[in-house]
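# Remarks on the overall topology
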Amino acid sequence: MTEKRIHVDYMARVEGEASLNVRVVDGEIKELVLDVFEPPRFFQGFLVGRSYEEVPEIVSRICGICPVSHQLAAIQAIEDAFGIEPSEQTKDLRRLLALSQWIQSHTLHVYFLAAPDFLGYESVLAMAEDYGPVVERALKLKRLGNDLTALIGGREVHPVTAVIKGFTSLPDEGELLAIRERLEEARKDAQATVTLAASLEVPDFERPCEHIAVRSSEEYAIYDGRVVSTEGLDIAAWDYRNHIRERHVPPAHALHSYVVGRGSFLVGPLARVNLNREQLSDNAKAALEKVRKAKGVEFPSFNPFHGAIARAVELVHAVDECIKIIDRLELVEEPISYQIKAGEGFAVTEAPRGLLYHSYRINDQGIIEEADIVSPTAHNVYNMEEDLRAFIPTVLDLPDDEATLKCETVIRNYDPCFSCSAHFLKMRIERE
Amino acid sequence: MTQPKIAIFKLSSCAGCQLEVLNLEPYLLQLAGVLDISYFVMAKRDNAPGPYDIGFVEGAVTCGEEIAKLKRARKDCKVLVALGSCACYGGIPSMKNWEPQREVEKRVYEDLSAIESTKAFGIDQYVPVDAYLKGCPVSKEELVNFIKSTLLGMRPYLRPHSVCVECKLGENVCVFLSHREPCMGPVTTAGCGALCPARGKACDGCRGPANDPNPVSLAEAFKELGLHRPDIIRRFRKYAGATLEFEKGVEAL
């Protein structure tokens, strides 16, 4: 009997804390557990009893990397409960916030978290000596995303200006135009990112599974829309709980998110490009076409490693879309007034890592009675395990440290955010 | 000069303060040139064991394992720094501290037999702390200044005064007096440049208590604005409810 173990006790270059344990006996996977050991913080517990006004700033703190997504999902869900329709200007500013966060987060993932694996470095800092201009480009793009978030939201991590029905203050138009110029310059950097992502040697590994994303009739969805999938799902946010649930599957400790009647699914840039690529900007479409010609990579793709290309193509789109929105904005001060109403509200949005769901039940005093939040990584954990189950047999002949790195790469490729998904943890995890 | 060894540890948190380190884009490569960033799991795969010269701890302490991890970090680091309001005071996770633990947990999990979570506290509840970098998230400017001062062997400048001082310096309209918004600025530590009041929003108290604040008077002023008791309590028990200063605001009612 030959036994092989793959063990990573604290996954590096991901956000949050997770471990991986695999035991293979005679070529058969006997045990495969992706553990999230990030301690739960009970957001859905302590939100009960708080005022609706505080919710956006509180849920922002679920995640330091995608605070905007949590804020925007919460704001939309509360507006849904109160029956508020925000103005077009408000929606455009929210889109800019969300897109700026994609630019920051996608750059962070492609260059800082993912690329070092494929280029043979332990971190982006270690890459700096040999890849100076590449790292400089990454820093420049990430700063641009951060500066745009800060211009609209006040600061880059946990922005402050977005509130129910509007913004407490509007960005300075001169600064907006200055950032527009930097966005113009960033177009070539975003395209260079696609070239980099497409040049990485990724495994030839295909695993068809359901891909889910938000779809909007107006745009490549980022702010709102319906939940659609490659298997024909097409539902509104309020219908989410009738179709997507979680279950506990021993021996894994994290809950598994599944589509009722089907199984695991993938959310994130790859799912979005697969489902909504017709709505990408012209430059982003051209970038996709270039990748097809140069590398033979076609979308829809069910190779999870093509997520890096999808993420880079979305960078091109995000830069284009920001310029488009800045060009159509004519900022005017809008008064914010509305009535608090008892009710339930639901929202879905596209965080950098994929589908994010928020819903709240609010009483007539505006106090939260129930909160339900499912983050992109929470959606993806089950699918990561399924990917690993299919992927591990292809690396069994490799030495242990190489096989381990390959498995880590599968997970890092999802750009997981385990702080977000920790409320997902069902049991205390025993660690060796 | 040998490069000081830096470690960045994560407890219960959103990773936003660690991200602020990576958000120092203009200085990041320079920093990496003068510091040996030897333990930073979110950014690196090869992480060296201690001892370290400076350890930054992000996050609140919410379980036994974290207490053990924190105590190891204290032993390993010459200087231990609380990075952000969670590590300083318990932060947002400490919002659960004023309800029975089981009640809060029950709203999230069906089976509580395996949940083992304590009340959320800042790290100085368990170990001595050498410096506090406040804020949710931590201020990048203060972080860079702290690192520079430490490298130069100088005492870092960490603001003792309240947000009101920065608000006046910024010539902002007072949201409390002019817009009658319940602003936490008078009792909250400066260092954010009065970020929220400058954008027409009341200070939320995310940087925790300033030196020698008067929370009792502020709680009374909130009452005069027409706020009810639970509204006032929610304001004091958000980022730093576990501090004696903000608890005084609650007790004043």
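Residues numbered from 1 in each chain as written. Chains lettered and ligands numbered in written order. Predicted model: local features only at pLDDT ≥ 70, side-chain atom pairs only at ≥ 80, totals over all residues.

## Quick look at the overall build of chain A
Across its full length, chain A holds 14 helices and 14 strands. What you see for chain A is a C-alpha radius of gyration of 21 Å, in line with the 22 Å of a compact globule of 432 residues. The principal-axis extent of the C-alpha atoms belonging to chain A is close to 70 × 45 × 40 Å. Burial analysis of chain A (432 residues in total) assigns 53% to the buried set. Taking contacts inside chain A between residues at least 6 apart in sequence as the whole, the part at least 24 apart equals 73%. (Helix = DSSP H or I, 4+ residues; strand = E, 2+ residues; numbered from the N terminus. Rg over C-alpha atoms; globule rule 2.2 N^0.38 Å. Buried ≥ 20, exposed ≤ 12 C-beta atoms within 10 Å, placed from the backbone. Contact = placed C-beta atoms within 7 Å.)

## Quick word on the overall build of chain B
When you go through chain B residue by residue, the secondary structure sums to 10 helices and 5 strands. Against the 2.2 N^0.38 benchmark of 18 Å for 253 residues, chain B shows a C-alpha radius of gyration of 19 Å, consistent with a compact globule. Taking the principal axes of the C-alpha coordinates as reference, chain B spans close to 55 × 50 × 25 Å. Across the 253 residues of chain B, 49% fall into the buried class. Considering only residue pairs separated by 6 or more positions, chain B has 72% of its internal contacts joining residues 24 or more positions apart.

## Some remarks on the domain arrangement of chain B
All names here are of chain B. When its domains are assigned, chain B resolves into domain 1 (5-152) and domain 2 (163-251). Contacts between the two partners involve 17 residues from domain 1, matched on the other side by 13 residues from domain 2. Class assignment of the residues belonging to the side of domain 1 that touches domain 2 gives a composition of 7 nonpolar, 8 polar and 2 charged. (Domains from an automatic or database assignment. Nonpolar A, V, L, I, M, F, W, Y, C, P; charged D, E, K, R; others polar.)

## Details of the confidence of the model for chain B
Residues and elements named next belong to chain B. Averaged over every residue, the pLDDT of chain B is 94; residues scoring 70 or more account for 100%. Element-level mean pLDDT values for chain B span from 88 in helix H2 (residues 25-34) up to 98 in helix H4 (residues 85-89). Interface confidence for the predicted complex, given as ipTM, is 0.96, next to a pTM of 0.95. (pLDDT = per-residue confidence, 0-100.)

## Here we look at the sheet that holds strand S14 (residues 368-374) of chain A
Note on sheets: strands pair through backbone hydrogen bonds, and any given pair is parallel or antiparallel. Residue and element names in this part refer to chain A. Strands sit in the order S12-S13-S14 across an open sheet of 3 strands; the sheet is antiparallel. Only two strands of the sheet have a single partner each, and these edge strands are strand S12 (343-351) and S14. Along the sheet, successive strands turn relative to each other by an average axial angle of 10°, direction set aside. Bridging between S12 and strand S13 (residues 354-362) involves 9 bridges; their strand directions are antiparallel. Bridge pairing links Gly343 to Ile362 in S13. (Pairing = 2+ DSSP bridges. Axes fitted to C-alpha atoms, helices over the stretch in contact; angles between N-to-C directions.)

## Structural notes on helix H8 (residues 215-225) of chain B
Residues and elements named next belong to chain B. If you check which residues of H8 are buried, you get Pro215, Leu218, Ala219 and Phe222. All buried residues of H8 project into a common sector of 100° when viewed along the axis, lining one side. Contacts made by the buried residues of H8 are with helix H9 (229-236) and helix H10 (244-251). Looking one or two places after H8, you find Gly226, whose phi comes out positive at around 105°. (Arc of directions from axis to C-beta.)

## Considering the environment of B:Asp231
All names here are of chain B. Within the fold, Asp231 resides in helix H9. A residue is classified by how many C-beta atoms lie within 10 Å of it, and Asp231, with 15 of them, is partly exposed. Spatially, the C-alpha atom of Asp231 lies 9.8 Å from that of Pro182, the residues being 49 residues apart in sequence.

## A closer look at the nonpolar core
Among the nonpolar cores identified, the biggest contains 205 residues, and A:Val313 and B:Val57 are the most heavily contacted of them. Broken down by element, this core gets its largest block of residues, 14 residues, from helix H4 (residues 88-119) of chain A. With sequence-adjacent residues up to four places away left out, A:Val313 is seen in contact with A:Val194, A:Val273, A:Leu280, A:Ala284, A:Ala287 and A:Leu288. (Core = buried A, V, L, I, M, F, W, Y, C linked by C-beta atoms within 7 Å.)

## Some details on helix H12 (residues 376-391) of chain A
Because an α-helix packs 3.6 residues into every turn, residues spaced three or four apart end up facing the same way. All names here are of chain A. Here H12 is 16 residues long and its end C-alpha atoms lie 22 Å apart, about the 22 Å a rise of 1.5 Å per residue gives. At Tyr382, H12 is bent by approximately 30°, the largest bend along its length. Taken across its 16 residues, H12 has 12 buried, putting it largely inside the fold. Three or more residues of H12 are buried, namely Pro376, Thr377, Ala378, His379, Asn380, Val381, Tyr382, Asn383, Met384, Glu385, Asp387 and Leu388. (Expected span 1.5 Å × (residues − 1). Bend = angle between axes of the 7 residues up to and from the residue.)

## Notes on the interface of chain B and chain A
If you look at the interface, chain B gives 49 residues, while chain A gives 49 residues. With 5 residues, helix H1 (residues 16-22) of chain B is the largest single contributor of residues to the side of chain B that touches chain A. Among the residues making up the side of chain B that touches chain A, the classes are represented as 25 nonpolar, 8 polar and 16 charged.

## Notes on the sheet that holds strand S1 (residues 3-8) of chain A
Residue and element names in this part refer to chain A. The sheet built from 3 strands is open, its strands ordered S1-S2-S3 with antiparallel pairing. The outermost strands of the open sheet, each flanked by one partner alone, are S1 and strand S3 (28-36). For this sheet, the mean angle separating the axes of adjacent strands, direction not counted, is 5°.

## Thoughts on the pairing of S13(A)
Residues and elements named next belong to chain A. Most of S13 sits out of view: 8 of its 9 residues are buried. Relative to S14, S13 runs antiparallel, the two being bridged by 6 bridges. Counted as the bridge partner of Ser359 is Asp372 from S14. Between the antiparallel neighbours S13 and S14 lie 5 residues, among them Gly366 with a positive phi of about 80°.

## Here's the deal with the confidence of the model for chain A
With 95% of its residues at a pLDDT of at least 70, chain A reaches an overall mean of 91. Predicted confidence is poor over residues 423-432 of chain A, with pLDDT under 50, and the contacts of this stretch with residues over four places away or in other chains come to 29 contacts.

## With respect to the packing of H4(A) against helix H11 (residues 307-328) of chain A
All names here are of chain A. It is the contact of H4 with H11, at a shortest axis distance of 9 Å, that shows an interaxial angle of 150°. The pairing of H4 with H11 is recorded here as roughly antiparallel in orientation. H4 and H11 meet at a crossing whose hand is left-handed. On H11, the residues touching Asp92, Arg95, Leu96, Leu99, Ser100, Trp102, Ile103, His106, Thr107, His109, Val110 and Ala114 of H4 are Ala308, Arg311, Ala312, Glu314, Leu315, Ala318, Val319, Glu321, Cys322 and Ile325. Per-class residue counts for the contact of H4 with H11 are 13 nonpolar, 4 polar and 5 charged. (Parallel < 35°, antiparallel > 145°, perpendicular 65-115°, else oblique. Left-handed = near helix turned anticlockwise from the far one by under 90°.)

## Remarks on the packing of helix H3 (residues 67-82) of chain A against H4(A)
For any two helices packed against each other, one specifies the inter-axial angle together with the distance between the axes. Residues and elements named next belong to chain A. Viewed as axis vectors pointing N to C, H3 and H4 meet at an angle of 150°, and their least axial separation amounts to 9 Å. If you check the angle between H3 and H4, you find them roughly antiparallel. By crossing handedness, the relation of H3 to H4 is classed as left-handed. Across from Val68, Ser69 and Leu72 in H3, the residues of H4 making contact are Arg94, Leu97, Ala98 and Gln101. For the contact of H3 with H4, the per-class residue count stands at 4 nonpolar, 2 polar and 1 charged.

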